[in-house]
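# Secondary and tertiary structure notes
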Amino acid sequence: MVSFDHLNEQQRAAVFATDGPVLVLAGAGSGKTRVITYRIAYLISQGVSPNDILALSFTNKAAKEMRERVVELIGSAAKTTHLSTFHALGLRFLREEYKSAGLSEKFTILDEGDQLAAVVDLMRDIGYDTDEFDPKLIHGLLSHYKSRLERPDARRGGLEGAVAQIAPLYGRRLRALNAVDFDDLIALPVWLLETDEEIGYRWSGRFKYMMVDEYQDTNLAQLRLLKALAKRHQNVCAVGDDDQSIYGWRGAEAGNILRFDAHFKGAQTIALTQNYRSTNRILRAANKLILNNSERHEKSLWSELGEGESLRYMEAKDGDEEAKWIATDILSAKRHYQADWNEFSILYRTNAQARVLEDAIRNQDIPYKIIGGTRFYDRKEVRDLVAYLRFINNPWDEVALRRIINFPSRGIGDLTIQRIADESRKRDVPFFRLIEKPSDVPNLKNSTRELLLGFHGLMKGFRDRFKQLDADFGTICRDLIETIDFRNAFGRTEKNVRRLMIRLDNLDEVASALGSYREQNPESGLEDYLSMLSLDRNKDEEEESDDVVSLMTLHSSKGLEFNHVYLVGFEEGFVPHIRQADTSSGTTAPVDITEERRLIYVGLTRARRRLTLTGSKTRLKYGRILNRKPSRFLHEIPKELFDGDRSGKMPELTGAALEKRAQNAFDEMFKIVGGDEIV
């Protein structure tokens, strides 16, 4: 039997409030995951079928963590609870309703690289200059409108007009490929739920109780999906923190959580304000800062972890001195607190700030890693192999086909590919049908037709093998790697033996992952594995949990915590960030100040015990030395919370404090040379 006694009063209120819409305002470090998992456990203990419960999150990692915690609480009965990401739910919906969505059964999910390639092709087809209109910007605006379920206005002309012209062609291109993009996984279900009465009624009764984690990160399309699914029962519990809404630049709508009661009538609000992470000085700094945002839900974090150390602010003469000071201070703090390297984190606003910091900590032989580097499934060799798997699974996937048809080189040149593409459009037949029957393509050499037939036969052979009921996916994938001869393909261009071996190891890792997936999901097919890859947008390169200092942007830090946090570049231009507004005039403009303040709030609340802010008086940029000013946010934090005021100078150690630091230094020295500690 599940006990709820160790939950605090606010957490119990959130767990037991199960009828009707509920907004749980979960402040940083207040135990929101515990509330969601105990709420699921409570519902099941009250006789609710696990199959009637849906809990939505934004990452597979969060969904997996929720599932593990619920199973730990109440056992295997919880395994049939629907714990999913928004996009996985959308995929499940489309797998069931694909005919109504105008799709074939084995549709493909295009990743961002392939979506961008489709946009570039369409721009060229209709005569747009990719130098005049950035394809990435066009693609981003297409995604923006889909996430808001809006259409671009052609009457506005310029970039907006280009997007309006490309949008319907892009949609048709996806359908021709029997494919969807990530935004379709939300937009298409919303369209069907709102326009097809039978589908809307059926799905709105499927889940009696729904919970959403990180609700402040939802966009308008996700809100409409949630409202459509909750239409009959209205038992929606949204868990989030408006003060941590920091993803407006990628479509998140802070108004979803700020106006929850307008979207779900009769909603009750419960605030979780006890923080289990940070000391009170850190929390008071965050509370005072965020009070400067006028539109927010009122709440103030507190802790039972004591007052803790004062905050620190150090202003260096330039960026190099700032970075060197941080590296030296980390070394000193490691000795003083007898801390592990992984207790330290350096946070910055933009990736460009990382270089000078890397140099400084590398010079001090401090082990480190940068969070948010190149993702495993974004590596070229991995994308090439996955493209082969995608085409084997779905021959309509023209994007994958074009990527692999002449890689490794097999003598099928760009002119041949263009002739096939032209004939495909002219006859309105899929690209791959002409690979199957190249005799239908005019002006091709017989030798080229034989190469195309050979490629078709090769792919068909592997397609047939993957379809076998007892297929060993890992073995088949390794056979594919060997048959394609990736080793020679990369060996011709990669002269560094170590990098070549890393590429080959990465290819084998894909085969291992595919084999493991099949073993764990024997009823699943190749399309299920590929769907999983596409859905996991945050599948970073596998990282060991090494004892290293973490460097990352403020956005990447959300959800993490460290004993010692350095928030660097605490100056105007970085925080708040200044973006270029008009490249012709050179004028600059700040981004949304309220969101920038929320971003700093997130950074402050990553610290458990010790928080240090740093900045510099000058920066070298484009060969010029620029004068800098401390961030306006520094003056929104009470000066009494700082050690040494907000002067930017670190107080000198005296007396007992100086003696203790010297003692720690001697202890460290004797450890290194193998001596006994001084007592």
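Residues numbered from 1 in each chain as written. Predicted model: local features only at pLDDT ≥ 70, side-chain atom pairs only at ≥ 80, totals over all residues. Heavy atoms only, no water.

## Focus: the domain arrangement of the protein
Split by domain assignment, the protein resolves into domain 1 (9–98 + 185–274), domain 2 (108–177), domain 3 (312–366 + 548–651) and domain 4 (378–539). Computed over C-alpha atoms only, the centres of domain 2 and domain 3 are separated by 37 Å. (Domains from an automatic or database assignment.)

## Re the sheet that holds strand S2 (residues 53–57)
Read across the sheet, six strands follow the order S3-S2-S6-S7-S1-S8 without closing on themselves; strand pairing throughout is parallel. Two strands lie at the open edges of the sheet, namely strand S3 (82–85) and strand S8 (268–272), each paired on one side alone. Sheet twist, expressed as the mean angle between neighbouring strand axes with direction ignored, is 15°. Against the sheet, helix H2 (residues 32–45) makes contact with strand S1 (22–26), S2, S3, strand S6 (209–212), strand S7 (236–240) and S8, and its axis sits at roughly 170° relative to S6, the strand it touches most. Against the sheet, helix H4 (residues 86–97) engages S2, S3 and S6, with an angle of about 105° to S3. (Pairing = 2+ DSSP bridges. Helix = DSSP H or I, 4+ residues; strand = E, 2+ residues; numbered from the N terminus. Axes fitted to C-alpha atoms, helices over the stretch in contact; angles between N-to-C directions. Contact = heavy atoms within 4.5 Å.)

## Thoughts on the nonpolar core
Soluble, globular proteins show a tendency: their nonpolar side chains are buried together. If you look at the biggest cluster of nonpolar residues, it comprises 48 residues, and the most contacted ones within it are Phe 455, Met 459 and Leu 480. Broken down by element, this core gets its largest block of residues, eight residues, from helix H16 (residues 380–393). In this structure, Phe 455 is in contact with Tyr 388, Phe 391, Leu 401, Ile 404, Ile 405, Arg 410 and Ile 435, ignoring residues within four places of it in sequence. The next biggest cluster of nonpolar side chains, apart from the first, holds 43 residues, and it includes Val 190, Ala 228, Ala 230 and Leu 535. (Core = buried A, V, L, I, M, F, W, Y, C linked by side-chain atoms within 4.5 Å. Buried < 20%, exposed > 50% of the residue type's maximum accessible area, 1.4 Å probe, protein only.)

## Here we look at the pairing of S1
Most of S1 sits inside the fold, with five of its five residues counted as buried. In S1, alternate side chains face the same way, and those of Val 22, Val 24 and Ala 26 on one face and Leu 23 and Leu 25 on the other are all buried. Note that S1 and S8 share five bridges and pair parallel. Paired with Leu 23 across the two strands is Thr 269, which belongs to S8. Note: S1 against S7, four bridges, orientation parallel. By the bridge assignment, Val 24 is partnered in S7 with Val 239.

## Brief notes about helix H13 (residues 280–290)
Counting buried positions along H13 yields eight of 11 residues, so the element is predominantly enclosed. Residues of H13 that are buried include every one of Asn 280, Ile 282, Leu 283, Ala 285, Ala 286, Asn 287, Leu 289 and Ile 290, and no others. As for H13, its buried residues are in contact with strand S9 (274–275), strand S10 (302–303), helix H26 (593–604) and strand S18 (607–616).

## Examining the environment of Asp 196
Residue placement: Asp 196 occurs in the loop between helix H8 (184–195) and helix H9 (197–204). A relative accessible area of 26% places Asp 196 in the partly exposed class. Distance in space between the C-alpha atoms of Asp 196 and Phe 642 is 59 Å, their sequence separation being 446 residues. Here the side chain of Asp 196 touches Ile 199 through a polar contact of 3.1 Å, landing on its backbone nitrogen. (Polar contact = N/O pair within 3.5 Å; in protein donor to acceptor, adjacent residues only side chain to side chain.)

## Here's the deal with the side chain of Glu 423
Following the sequence through the fold, Glu 423 ends up in helix H18 (residues 414–427). Notably, Glu 423 is buried but unbridged: the nearest opposite-charge side chain belongs to Arg 427, and the N-O separation is 4.1 Å. When neighbours within four sequence positions are excluded, Glu 423 is seen to be in contact with Leu 434, Asp 440, Val 441 and Pro 442. (Lys, Arg positive; Asp, Glu negative; His and termini not counted. Salt bridge = Lys/Arg side-chain N within 4 Å of Asp/Glu carboxyl O.)

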